[in-house]
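Chain by chain, the residues run as shown.
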Amino acid sequence: MNTLAMIVSLGLVVLVIGQLPLVAAFLRALRRASARSPEASENAPSDKTPKAAMILCLRGPDPFLADTLRAAVAQDYPDYRLFIVIDHPDDPAWGIVNQTLGAPLPEHVETVLLRDRRETCTLKCSSLVQVVNDLDDAFAFIALLDADTVPHRTWLSELAAPLADPQVGAATGNRWYMPQRRSWGALVRYLWNAAAVVQMYCYGIPWGGTLAVKLAELRETDLLDRWAHAFCEDTMLFAALRRRKLKVAFAPTLMMVNRESCSLSGFFYWVRRQLLTARLYHPGWPGVMFHGFITTFGLGFGAIALIASLLLSAWTAAAWLACGLLFYGGSMPVLLGVLERGVRASVAVRGESTVWMHWTTPFRLVAAIPLTQAFYAAALISAALVRNVEWRGVTYRVAGPRSIHLLDYKAYSPDQDAVEHGSL
């Protein structure tokens with residue numbers, strides 16, 4: 001019993017130590033970025049900047065959509081056109097676009113109805129393929145923006161800057177949650193995302209909410225065809241560009257704050273979809289699976305073994321297990337605090353508010369750690385087995401990376417549940 005307890009305890013210590021270099025690498029990238037202003041000369045727009053097509057795919061009224069629209073049309077980039085794609089003429093997003101941007105629309109904005117709704121991919125992928133196919137050769141790259149991303153004024157300039165490197169095929173940022181309403185679902189999503197951001201940085205996984213891709217890479221490869229048969233547009237880029245000996249560059253200044261809240265059930269279906277895209281399109285999926293299950297097993301088994309040791313009066317074993325669990329449980333808030341501080345420094349440079357925590361939030365976050373681990377493990381299992389996925393009221397059959405089937409399409413309606421449901 002003592003030997004097993006020692007192994008479990010040391011295993012938990014190793015899990016923490018193993019994360020330290022990954023967190024340190026991510027923080028170094030953030031510190032280098034926050035040490036200079038977003039208006040630095042390397043990101044400053046000039047008359048020679050390549051023409052950009054900013055693409056915003058909409059379905060339904062996202063909570064901060066009006067803010068996203070106002071920010072998207074006010075970029076300091078000198079040569080870009082914003083394409084707003086909506087999949088149905090009756091979608092309420094049309095009204096928000098017209099009310100926010102007015103009529104007529106700004107000269108550099110174009111609204112597009114999804115004409116070719118493919119049954120072999122998601123609506124977003126259909127929208128992207130349609131817009132890219134309609135672009136002329138004057139455009140040098142596309143910049144993807146999600147409806148829950150509110151871009152600061154220099155967002156597009158900062159996203160375009162890494163593309164000047166001929167060895168870079170795409171550039172990306174990432175999301176960071178600072179929810180206005182600190183529900184348990186929002187806190188669990190915050191914890192999971194904080195860890196995921198570091199993994200995405202180390203695995204080179206791009207994020208479609210802030211993503212630029214050179215148009216030549218779409219035209220000269222089979223990426224458009226892959227998008228036409230895909231569940232998502234972003235995760236596959238790492239492997240596709242690596243085959244062409246190109247990199248996905250991470251832009252540390254583009255840690256985008258998301259202030260939305262969510263329920264626990266909403267978090268589950270959201271995180272399952274994130275994990276599903278890794279399963280389908282990223283070579284690092286086995287590592288993601290291993291990390292998720294080993295942490296869940298270590299914590300779960302350690303807690304059960306500690307209770308058993310106490311009941312059996314096995315004090316030495318209980319001491320080992322208690323030390324391991326306390327070390328792991330105490331280290332996670334410290335690492336999270338360091339990450340939060342690093343992201344806040346990056347965001348504060350832009351003049352955005354980083355105040356979102358109540359004095360009770362840190363205590364609730366500690367209590368949410370085991371809850372996050374349990375939901376993470378359940379979502380991993382579900383992502384490995386799921387075949388039918390419902391995403392914003394549309395059902396897809398996922399039979400493989402290039403075998404996606406749109407099963408049940410309907411226009412978005414305001415009475416659709418906010419929670420995204422799915423079935424195994």
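Residues numbered from 1 in each chain as written. Predicted model: local features only at pLDDT ≥ 70, side-chain atom pairs only at ≥ 80, totals over all residues. Heavy atoms only, no water.

(A) Representation of the packing of helix H10 (residues 264-281) against helix H13 (residues 361-385) within the structure. It is at 8 Å that the axes of H10 and H13 come closest, and there the two elements cross at 50°. The pairing of H10 with H13 is recorded here as oblique in orientation. As for the relative orientation of H10 and H13, their crossing is right-handed in sense. Facing Leu264, Phe267, Phe268, Val271, Arg272, Leu275, Leu276 and Arg279 of H10, the residues of H13 in contact are Leu371, Phe375, Tyr376, Ala378, Ala379, Leu380, Ser382, Ala383, Ala384 and Leu385. Tallied by class, residues from the contact of H10 with H13 come to 15 nonpolar, one polar and two charged. (Axes fitted to C-alpha atoms, helices over the stretch in contact; angles between N-to-C directions. Helix = DSSP H or I, 4+ residues; strand = E, 2+ residues; numbered from the N terminus. Parallel < 35°, antiparallel > 145°, perpendicular 65-115°, else oblique. Left-handed = near helix turned anticlockwise from the far one by under 90°. Contact = heavy atoms within 4.5 Å. Nonpolar A, V, L, I, M, F, W, Y, C, P; charged D, E, K, R; others polar.)

(B) Structural context of the pattern of salt bridges. The final tally for this structure, using the stated rule, is 15 salt bridges. Salt-bridge contacts for aspartate 67 lead to arginine 70; the nearest nitrogen and oxygen are separated by 2.8 Å. A residue pair is termed a helical-turn pair when its members lie 3 or 4 positions apart in one helix, as aspartate 67 and arginine 70 do in helix H2 (residues 65-72) at three residues. When its relative accessible area of 32% is taken as the criterion, aspartate 67 is described as partly exposed. (Salt bridge = Lys/Arg side-chain N within 4 Å of Asp/Glu carboxyl O. Buried < 20%, exposed > 50% of the residue type's maximum accessible area, 1.4 Å probe, protein only.)

(C) Expanded view of unusual backbone geometry. In this structure, the amide linkage connecting alanine 103 to the following residue, proline 104, adopts the cis form with an omega of 0°. Note on placement: proline 104 falls in the loop between helix H3 (93-101) and strand E3 (109-113). Phi at lysine 245 is positive, roughly 60°, even though this residue is not glycine. Looking at the element boundaries, lysine 245 is found in the loop between helix H9 (237-243) and strand E7 (247-258).

(D) Looking closely at helix H4 (residues 123-134). Its 12 residues give H4 an end-to-end C-alpha distance of 17 Å, which sits within 8% of 16 Å, the value for a rise of 1.5 Å per residue. For H4, the buried fraction is high: 10 of the 12 residues fall into the buried class. Taken as a whole, H4 has its buried residues at Leu123, Lys124, Cys125, Ser126, Ser127, Leu128, Val129, Gln130, Val131 and Val132. (Expected span 1.5 Å × (residues − 1).)

(E) Structural view of H3. Residues of H3 that are buried include every one of Ala93, Trp94, Val97 and Leu101, and no others. Viewed along the axis of H3, the buried residues span an arc of 105°, placing them on a single side of the element. Where H3 is buried, its residues contact strand E1 (51-58), H2, strand E2 (80-86) and E3. Trailing H3 by a residue or two, glycine 102 shows a phi angle of about 80°, which is positive. (Arc of directions from axis to C-beta.)

(F) Spotlight on the nonpolar core. Membership of the largest hydrophobic core comes to 58 residues, with the highest contact counts inside it found for Trp176, Tyr190, Trp192, Phe267, Leu275 and Trp285. Of all the secondary-structure elements, those providing two or more residues to this core are helix H1 (2-34), strand E5 (168-177), helix H6 (184-203), E7, H10, helix H11 (285-311), helix H12 (315-348) and H13. If you tally residues by element for this core, the top one is H12, at 11 residues. Apart from the residues within four sequence positions on either side, phenylalanine 267 is in contact with Gly185, Val188, Arg189, Trp192, Cys262 and Phe375. Among the nonpolar cores identified, the runner-up in size contains 47 residues, and Cys57, Leu246, Leu280 and Ile404 belong to it. (Core = buried A, V, L, I, M, F, W, Y, C linked by side-chain atoms within 4.5 Å.)

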